[in-house]
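# Structural overview
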Amino acid sequence: MVRAKSIKGNKAIFTVLLLICVIGFWLFENFYTPATYSVAAEGDFKSEMSLTMLPSSTTGDIVAHNHYILSYNEPYEQAEWVAYELKKEHLTNDDRKRPYFIEDPKVKTKSADWRNYRGSGYDRGHLCPAGDRRFSEQAYNETFYTSNISPQDRDFNAGVWNRLEMQVRQWAKRYGSIFVVTGGVLEDGLKEIGEEDVDVPNYYYKIVAKGEKSHLEVIAFLIPGRPSSKPLEQFAVPIDQIEKLTGIDFFEKLPIEITAELEQNVNMEGWRF
DNA sequence: CTGGTTAAC
DNA sequence: GTTAACCAG
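Only a predicted model underlies this, so the values are computations on that prediction, with no experimental measurement involved. (Residues numbered from 1 in each chain as written. Chains lettered and ligands numbered in written order. Predicted model: local features only at pLDDT ≥ 70, side-chain atom pairs only at ≥ 80, totals over all residues. Heavy atoms only, no water.)

## A short note on the pattern of salt bridges
Going through the model one piece at a time under the given rule, you end up with seven salt bridges. A salt bridge links Lys110 to Glu103; the shortest N-O distance between them is 3.7 Å. Residue Arg169 pairs with Asp132 through a salt bridge whose shortest N-O separation is 2.6 Å. Of this pair, Arg169 sits in helix α5 (residues 160–175) while Asp132 sits in the loop between β4 (123–126) and α3 (137–142); the two residues are 37 residues apart in sequence, bridging distant segments of the chain. Neither residue differs from the other here; Arg169 and Asp132 are each classed as buried. (Salt bridge = Lys/Arg side-chain N within 4 Å of Asp/Glu carboxyl O. Helix = DSSP H or I, 4+ residues; strand = E, 2+ residues; numbered from the N terminus. Buried < 20%, exposed > 50% of the residue type's maximum accessible area, 1.4 Å probe, protein only.)

Structure follows, in structure tokens:
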């Protein structure tokens, strides 16, 4: 009978579709890997320094890569901070091929596409500098996630900001090991670029720490995202000022007795420029 | 070092 | 769309 036959036919088609779904899912699970530079084996965030000195996250979206950690702020389409330890041994001149900027596979909300920056007039400015992570291909490539960049004025990035990054490398070379936290000041009313509305910070900050937990030495910088030929010293500010602007608590895991005075003052002794 | 632009595949 | 070579501050 015609009707029975058609039901049978539908059943067969349904079975085939189901099989395709099952096989497809199996293939996806077993062979699909998202674009990533991550390598499970590498990673050096077991160190006490990194764990005890991480800032607070205003978003809760903390992502740990093998050689730096960040807190992503989705509405601004960039990290609110990026933190990493810079050791003397990290400083190398290894020649590396610049990879493509890709979405950070570990940011659940998806980090901004690099095309937001195209034609915007702004640089894709690294937060964790590529120049600090040249010691391995993995470390270098990791800095090319779009979660690690922020729109920066060309002459700011290649100028005063680059000078600060070079100074930080000098400090690492001189003092052995330092801890760095950096980001743009994310606030209301910022200019936005691209289809995803990536915010353009007006200010960038960088906090550098060295020494033992008990007597930490910290210096903080707040620099407008414009070209400047002023000496870096003139941009030093108390950490408190950056905390008020960003809402981030930079040494929340350390005892208040240690951090209170540390954060209220600018102490440049112990930091040779 | 910090990057962008261009042209060829 | 990707990549390598070249260019600029």
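## A word on the protein's contact with DNA strand B
Close to DNA strand B lie 15 residues; Arg124, His126, Gly131, Arg134 and Asn157 are nearest. Counting only the atoms of DNA strand B that lie within 4 Å of the protein, the sugar and phosphate share comes to 87%. The separation between a base oxygen of DNA strand B and a polar side-chain atom of Arg154 is 3.1 Å. Here a sugar or linking oxygen of DNA strand B sits 2.7 Å away from a polar atom, N or O, in the side chain of Asn157. Breaking the surface near DNA strand B down by element, the ones donating at least two residues are β4, α4 (154–158) and α5. Here the surface near DNA strand B is built from residues that sort into three nonpolar, five polar and seven charged. (Near = heavy atom within 4 Å. Polar contact = N/O pair within 3.5 Å; in protein donor to acceptor, adjacent residues only side chain to side chain. Nonpolar A, V, L, I, M, F, W, Y, C, P; charged D, E, K, R; others polar.)

## Side note on a negative patch on the surface
Side chains of Glu192, Glu195, Glu196 and Asp197 sit close together on the surface and give a patch of like negative charge. Relative to the elements of secondary structure, Glu192 occurs in strand β7 (residues 191–193). (Patch = residues over 30% accessible without salt bridge, like charges linked within 9 Å, V, L, I, M, F, W, Y side chains within 5 Å. Areas by Shrake-Rupley, 256 points an atom, 1.4 Å probe, with all protein chains shown as cover. Lys, Arg positive; Asp, Glu negative; His and termini not counted. Charge placed at Lys NZ, Arg CZ, Asp CG, Glu CD.)

## Re the sheet that holds strand β6 (residues 177–184)
Across a sheet, strands are paired by hydrogen bonds formed along the backbone, either parallel or antiparallel in direction. Strands sit in the order β1-β2-β3-β6-β9-β10 across an open sheet of six strands; the sheet is antiparallel. Lying at the two open borders of the sheet, with one neighbouring strand each, are β1 (62–64) and β10 (217–224). Pairs of neighbouring strands in the sheet enclose a mean axial angle of 15 degrees, with direction left out of account. Alignment of strand β9 (residues 203–210) against β10, held across eight bridges, turns out to be antiparallel. Paired with Lys206 across the strands is Phe221, a residue of β10. (Pairing = 2+ DSSP bridges. Axes fitted to C-alpha atoms, helices over the stretch in contact; angles between N-to-C directions.)

## Considering the protein's contact with DNA strand C
Taken together, Lys97, Tyr100, Arg154, Asp155, Ala158 and Asn162 make up the full set of residues adjacent to DNA strand C. The sugar and phosphate moieties of DNA strand C supply 50% of its atoms located within 4 Å of the protein. If you tally residues by element for the surface near DNA strand C, the top one is α4, at three residues. Partitioning the surface near DNA strand C into residue classes produces two nonpolar, one polar and three charged.

## What about the UniProt feature "binding site: Mg(2+)" (unreviewed entry) in chain A?
UniProt's entry tags Asn157 with the feature "binding site: Mg(2+)" (unreviewed entry), counted in the numbering of this structure. Secondary-structure assignment places Asn157 in helix α4. Here Asn157 is in contact with Asp123, Gly125, Gln152 and Asn162, once residues within four sequence places are set aside. (UniProt positions renumbered as here; feature names shortened; annotations may be inferred. Contact = heavy atoms within 4.5 Å.)

## Side note on empty space enclosed by the protein
Following the criterion strictly, the structure yields one cavity of 30 Å³ or more and no others. Size it by volume and the largest cavity reaches roughly 40 Å³. Taken together, Val218, Ile219, Ala220, Val237, Pro238, Ile239, Leu262, Asn265, Val266 and Asn267 form the lining of the largest cavity. In terms of residue count, the dominant contributor to the lining of the largest cavity is β10 (three residues). Among the residues making up the lining of the largest cavity, the classes are represented as eight nonpolar, two polar and no charged. (1 Å grid on protein atoms, 1.4 Å probe; cavity = no way out; pocket = protein on both sides within 12 Å on 5 of 7 lines; lining within 4 Å. Points joined across faces, edges and corners; volume = space filled by probe spheres on them.)

## What about a nonpolar patch on the surface?
On the surface, Val266, Met268 and Phe273 cluster together into a nonpolar patch covering about 220 Å² of accessible area. Mapped onto the secondary structure, Met268 falls in the segment after α7 (256–264). Since its relative accessible area comes to 30%, Met268 is described here as partly exposed.

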